[in-house]
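In case you want the letters, here they are:
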Amino acid sequence: MTFATSNPLVQPWNTPHGLPPFAEVRAEHFRPAFDAALSEHLADIEAIASSSEPPSFENTVAALDRSGRLLARVEALFYNLTSSETSPALQAVEREMAAPLAAHNSVVYMNARLFERIDTLHAQRATLGLAPEQLRLLERIHLDFVRAGAKLGGGAQTRYAQVMQSLAELTTRFGQNVLADESAYRLVLRGERDLAGLPDFVCAAARQAAVDRGITDACVITLSRSHIVPFLTFSDRRDLREQAWRAWISRGEHDGEHDNRPVAREILTLRNEQARLHGYACYADYALADTMAGTQVAVDGLLQQVWVPAKARAEQERQALQALVMSRNESLQIEAWDWRYYAEKVRQARYDLDEAAVKPYFPLDRMVEAVFDCAQRLFGVRFTARTDLQAYHPDVKVYEVRQAADDSLVGIFLHDNFARPTKRSGAWMSLYRSQSRNSSSPGEGVLPIVVNNNNFAKGAPGEPTLLSFDDARTLFHEFGHGLHGLLSSVTYERLSGTNVLRDFVELPSQLFEHWLSERQVLKKHARHHLTGEPIPDELITKLEAASKFNQGYETVRYVASARVDMAAHALTASEGPDITAFEKAENERMGLPAAVGMNHRLAHFQHLFAGSGYAAGYYVYLWAEVLDADGYDAFTEAGNPFDASVAKRLRQFIYSSGNSREPREAYRAFRGRDPSVQPMLRERGLLAEDSPA
Ligand SMILES: [Zn+2]
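Fair warning: this is a prediction, and the values are worked out from it, not measured in the lab. The written sequence of each chain sets the order in which its residues are numbered from 1. Reporting of local features is limited, given that this is a predicted model, to residues whose pLDDT is at least 70; pairs of side-chain atoms are given and counted only at 80 or more, and all residues count toward the totals for whole chains, interfaces and linings. Here the side-chain values reflect all heavy atoms present in the structure, with hydrogen atoms and water set aside.

Draft legend 1. Structural detail: the packing of helix α27 (residues 644-655) against helix α28 (residues 663-671). Whenever a helix is involved, its axis is fitted only over the stretch in contact; in every case the axis is a line through C-alpha atoms, and angles between N-to-C directions fall within 0 to 180 degrees. Numbering of helices and strands runs from the N terminus; a helix is a DSSP stretch of H or I covering at least four residues, while a strand is a stretch of E covering at least two. Look at α27 against α28: their axes get within 8 Å of each other, and the N-to-C directions meet at 170°. With respect to α28, the axis of α27 lies roughly antiparallel. The chirality of how α27 crosses α28 is right-handed. Contacts between α27 and α28 pair Val646, Arg649, Leu650, Phe653 and Ile654 from the former with Ala666, Tyr667, Ala669 and Phe670 from the latter. For this scheme, ten residues count as nonpolar: Ala, Val, Leu, Ile, Met, Phe, Trp, Tyr, Cys and Pro. Four count as charged, namely Asp, Glu, Lys and Arg, and the remainder, Gly too, count as polar. When grouped by side-chain class, the residues that make up the contact of α27 with α28 number eight nonpolar, no polar and one charged. Orientation is classified from the angle alone, with under 35 degrees giving roughly parallel, over 145 giving roughly antiparallel, 65 to 115 giving roughly perpendicular, and any other angle giving oblique. Left-handed describes a crossing in which the near helix is turned anticlockwise from the far one by less than a right angle; the clockwise case is right-handed. Throughout, a residue-residue contact means that at least one pair of heavy atoms, one from each residue, lies within 4.5 Å.

Draft legend 2. Main features of the coordination of the zinc ion. Surrounding the zinc ion are the protein donor atoms His477 (NE2), His481 (NE2) and Glu506 (OE), at 2.1 Å. Nitrogen, oxygen and sulfur within 2.8 Å of a metal are treated as its donors, or within 3.2 Å for sodium, potassium and calcium (Na, K, Ca); water is not counted, so a site can appear incomplete. Going along the chain, you hit the donors of the zinc ion in the pattern H-x3-H-x24-E. A residue pair is termed long-range when its members are at least 10 positions apart, and His481 in helix α19 (residues 469-486) and Glu506 in the loop between α19 and α20 (507-513) qualify at 25 residues. Neither His481 nor Glu506 differs from the other in exposure class; each is buried. Working definition: with a 1.4 Å probe on protein chains only, accessible area under 20% of the residue-type maximum means buried, over 50% means exposed, and in between means partly exposed.

Draft legend 3. Representation of the packing of helix α4 (residues 69-84) against helix α5 (residues 88-109). One can describe the packing of α4 onto α5 by two numbers: an axis separation of 11 Å at closest approach and a directional angle of 140°. Considering the angle they form, α4 stands oblique to α5. α4 and α5 meet at a crossing whose hand is left-handed. On α5, the residues that touch Leu71, Glu75, Phe78, Tyr79, Leu81 and Thr82 of α4 are Leu90, Val93, Glu94, Leu101 and His104. Tallied by class, the residues present in the contact of α4 with α5 amount to seven nonpolar, two polar and two charged.

Draft legend 4. Up close: the side chain of Ser468. On the secondary structure map, Ser468 appears in the loop between β7 (449-456) and α19. Classification of Ser468 by relative accessible area gives buried; the value is 7%. By the criterion applied in these results, polar contacts are pairs of N or O atoms within 3.5 Å in which, for protein atoms, one can donate a hydrogen and the other can accept it, and in which residues neighboring in sequence qualify only through two side-chain atoms. At a separation of 3.0 Å, a polar atom in the side chain of Ser468 contacts the main-chain amide nitrogen of Asp471.

Draft legend 5. Helix α23 (residues 551-570), seen in detail. Given a helix with a known number of residues, its expected span is that number minus one, times 1.5 Å. The terminal C-alpha atoms of α23, which comprises 20 residues, lie 28 Å apart, in line with the 28 Å expected from a rise of 1.5 Å per residue. Most of α23 is tucked away: 18 of the 20 residues are buried.

Draft legend 6. Seen up close, the pattern of salt bridges. When a carboxyl oxygen of Asp or Glu lies within 4 Å of a side-chain nitrogen of Lys or Arg, that pair is called a salt bridge. Tallied over the entire structure, the rule returns 47 salt bridges. With a closest N to O distance of 2.6 Å, Glu273 and Arg159 form a salt bridge. Note that Glu273 is positioned in helix α13 (residues 261-277) and Arg159 in helix α8 (residues 154-184), a separation of 114 residues in sequence. What makes Arg159 partly exposed here is its relative accessible area of 31%. Between Arg382 and Asp407 there is a salt bridge, and its shortest N-O distance comes to 2.6 Å.

Draft legend 7. Spatial organisation of the pairing of β7. Along β7, eight of the eight residues are buried, which leaves the element largely enclosed by surrounding structure. Neither face of β7 is left uncovered, since the one carrying Ile449, Val451, Asn453 and Asn455 and the one carrying Val450, Asn452, Asn454 and Phe456 both have all their residues buried. In this description, strands pair whenever DSSP reports at least two bridges between them. Summarising the sheet, strand β5 (residues 408-418) and β7 pair through six bridges and their orientation is parallel. Looking across to β7, one finds that His415 is bridged to Asn452. Examined bridge by bridge, strand β6 (residues 428-433) and β7 share five bridges and lie antiparallel to one another. Considered in β7, the bridge of Leu431 is made with Val450.

Draft legend 8. Focus on the nonpolar core. Membership of the largest hydrophobic core comes to 140 residues, with the highest contact counts inside it found for Phe362, Phe383, Phe512 and Trp515. Once you skip the residues sitting within four places of it in the chain, Phe383 turns out to touch Phe372, Ala375, Tyr399, Glu400, Val401, Phe413, Phe479, Leu483 and Leu486. Nonpolar core, defined: a set of buried Ala, Val, Leu, Ile, Met, Phe, Trp, Tyr and Cys residues in which side-chain atoms within 4.5 Å join the residues together. Counting residues in hydrophobic clusters, the runner-up holds 31 residues, among them Leu19, Phe30, Leu81 and Val398.

It is worth stressing that arrangement in space is one thing and function is another; only the former is reported here.
Here's what the structure looks like:
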């Protein structure tokens, strides 16, 4: 048997819907599959570049968009597995492949004959008679090449390629280091005293985590958000809270082989060089040049507009916590590991809202039904479980997504909801295959395969998994990204789905969170896991009243991280800073309250350093929030959260249009005007007239 026929990655995937052959794939298949896929892609590129025909949109731009499909397929599978179900063997391949893949990218983007053809077409673009999407594709591809170094001189190109390879290796190592610190940590709780204050659901998840780790007579708190945040919220044991909190915020910051401090510093050094090779003073300027925001001034303006009222609100919140401490005849000063604990007590007292009383109404299965139902009511799509199809882990569910009206297939959806040691932390959407209609056999479309990853603490065997309201919001958020991938309806893969400017990409996800807060959605789907009773009106009212509670704290933590990100990438010195000292100095300069802290410290800030997607880009959530708060008002104004005509425009201009339109123009087409900042400030309770929460 020859290699090509024995490696399941290289063979055609004759599986249902072309899903990856998960059951047959082994780590050792990837290196040879990458080699085969890289050669195939280079051959595609060479054929386009060396064509004797004069360049045309079809033989150059559309052909380029079709090239490298095997590579895309192998790469997507590989990186999905290293994120969701990794192993030492996959991690070794990941480290081994980082540089060759980056080098391959450079070879493609620095192919002078190929770029000459694209550049020629770009110069003639107004006279080529292109359809709007074709023109957009040509402009985007031209820009991709320029931003990847196609216009640099020979010596600079060589150096640029080296920089990109080193960055690929370093960002790979950064993510693996965080996972190592997270997997290594366990706070073992033994006996009643260690469990003081913890509600049943926290204990149950901690017992399950212990069982998963082979510990039978204790409970374990891990550094997964769905463990650590409830622990910090409920544990009466101040000493253990401090211990857990310190472990959480010091990820990536330990001496030894997993120390991320020198890694982050080197990444900042190389990004600065990357930007200077392009003629920018700093990486932030280079990164922002291809965003809606465009400049540091625009980003700083938005962050500052929120920072000032958020800090004032956080100080009011701190005083309320301190007052509670006094009323309990305790003498402590609120520290970072106390904030969530006392905030929960204030929340219970002020809104009579107990998180442990909320969770029974948010079983995971019902919330999954809720997201599907909202998608059906808005966009007419139906999700059907294919229990006969296995993905890469038994916990992953596979769904067919069909347009209910004519039963036509829209795409495939994988739902991977539980935390496990082989999965990175956080929540994210990803793709195994992007939607497009640019096939070599005309009329044959490619349907998307989308995955949502969450990290919910799994209920004990026989027990349901209960979500907090925040967890449920995360579920809706990722599902919004999922719909952005699934509903994509464009011709060219480069413009498909979530492949949009990065300060636009959080719009479909954050917008979708709003439906969770709709009373009619809650009454229908938030049902008690034992009795099936819908959530009482009274509890909804309390949830609504409490929704602005602690927003000063949350906003300060987020904006502080966004500002440190921007500051670190705005440095013009050629040498990266000592990140611990830099972060400390920035926090002092901003006046970050120590008892609040940051969402992500630099040594484990994976958005910035485990890849480049959000480098100088953590602000995008707030940028998109301006759009989603304003966008959701369109439904409010229509008087119906499922208004058919608003939903139709939403699908046409936002969820299905990918990057085929310029984002400002797409938003205007949906909303009929530019967005206003006021709805975002109102939702966060940060308008001047909002009373202190
Ligand atoms: Zn998101």
